[in-house]
Amino acid sequence: QVQLVESGGGLVQAGGSLRLSCAASGRTFSWYFMGWFRQAPGKEREFVAAITWISGSTYYAESVKGRFTISRDNAKNTVYLQMSRLKPEDTAVYYCAVNRYYSGRSYYGLDNKYDSWGRGTQVTVSS
């Protein structure tokens, strides 16, 4: 059983920063990707960033590249999303998720390949 708990969301002004954390439980040694997704009101869930659990390779959506950084601490079973230069359009509920079964690069951005999800944390960016 995998459990994921996000934290670190909140209200921030445009241009500000936040760091999200996702604490994971379970047998992590066989995981492939940890990812962050977000969903804004009235919109579909979208990929934000992903990291491979073993090698630490990272992948980003174009909309956040250069502003967000995903990282992980394997000893703490925690994934982070450092968000900088935030924009009002970054406002959303942010979810972390784990992909335990699909190891190819083509899968990192596909939410239907992630099998466990956290409950999400709200990020609101005011203009």
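Residues numbered from 1 in each chain as written. Predicted model: local features only at pLDDT ≥ 70, side-chain atom pairs only at ≥ 80, totals over all residues. Heavy atoms only, no water.

(A) Just the overall build of the protein chain, in detail. Looking only at helices and strands, the protein chain has zero helices and 11 strands in total. When the helices and strands of the protein chain are listed from N to C terminus, the series reads β-β-β-β-β-β-β-β-β-β-β. A compact globule built from 127 residues would reach a C-alpha radius of gyration of about 14 Å, and the protein chain, at 13 Å, matches this within 12%. Across the 127 residues that make up the protein chain, the buried fraction comes to 43%. Taking the intrachain contacts of the protein chain between residues at least 6 apart in sequence as the baseline, contacts between residues at least 24 apart amount to 57%. (Helix = DSSP H or I, 4+ residues; strand = E, 2+ residues; numbered from the N terminus. Rg over C-alpha atoms; globule rule 2.2 N^0.38 Å. Buried < 20%, exposed > 50% of the residue type's maximum accessible area, 1.4 Å probe, protein only. Contact = heavy atoms within 4.5 Å.)

(B) Molecular detail of the pattern of salt bridges. In total, this model carries six salt bridges according to the counting rule given. The shortest N-O distance in the salt bridge between Glu46 and Arg38 comes to 2.6 Å. On the accessibility criterion, Glu46 (35% relative accessible area) is partly exposed. Of the residues examined, Arg38 reaches a relative accessible area of 5% and is grouped as buried. Measuring nitrogen to oxygen at the nearest pair gives 2.7 Å for the salt bridge that ties Glu62 to Lys65. A relative accessible area of 46% means that Lys65 is categorised as partly exposed. Shared partners join several salt bridges into a network, and the residues in it are Arg38, Glu46, Arg67 and Asp90. (Salt bridge = Lys/Arg side-chain N within 4 Å of Asp/Glu carboxyl O.)

Function cannot be inferred from these measures alone, as they are strictly geometric.
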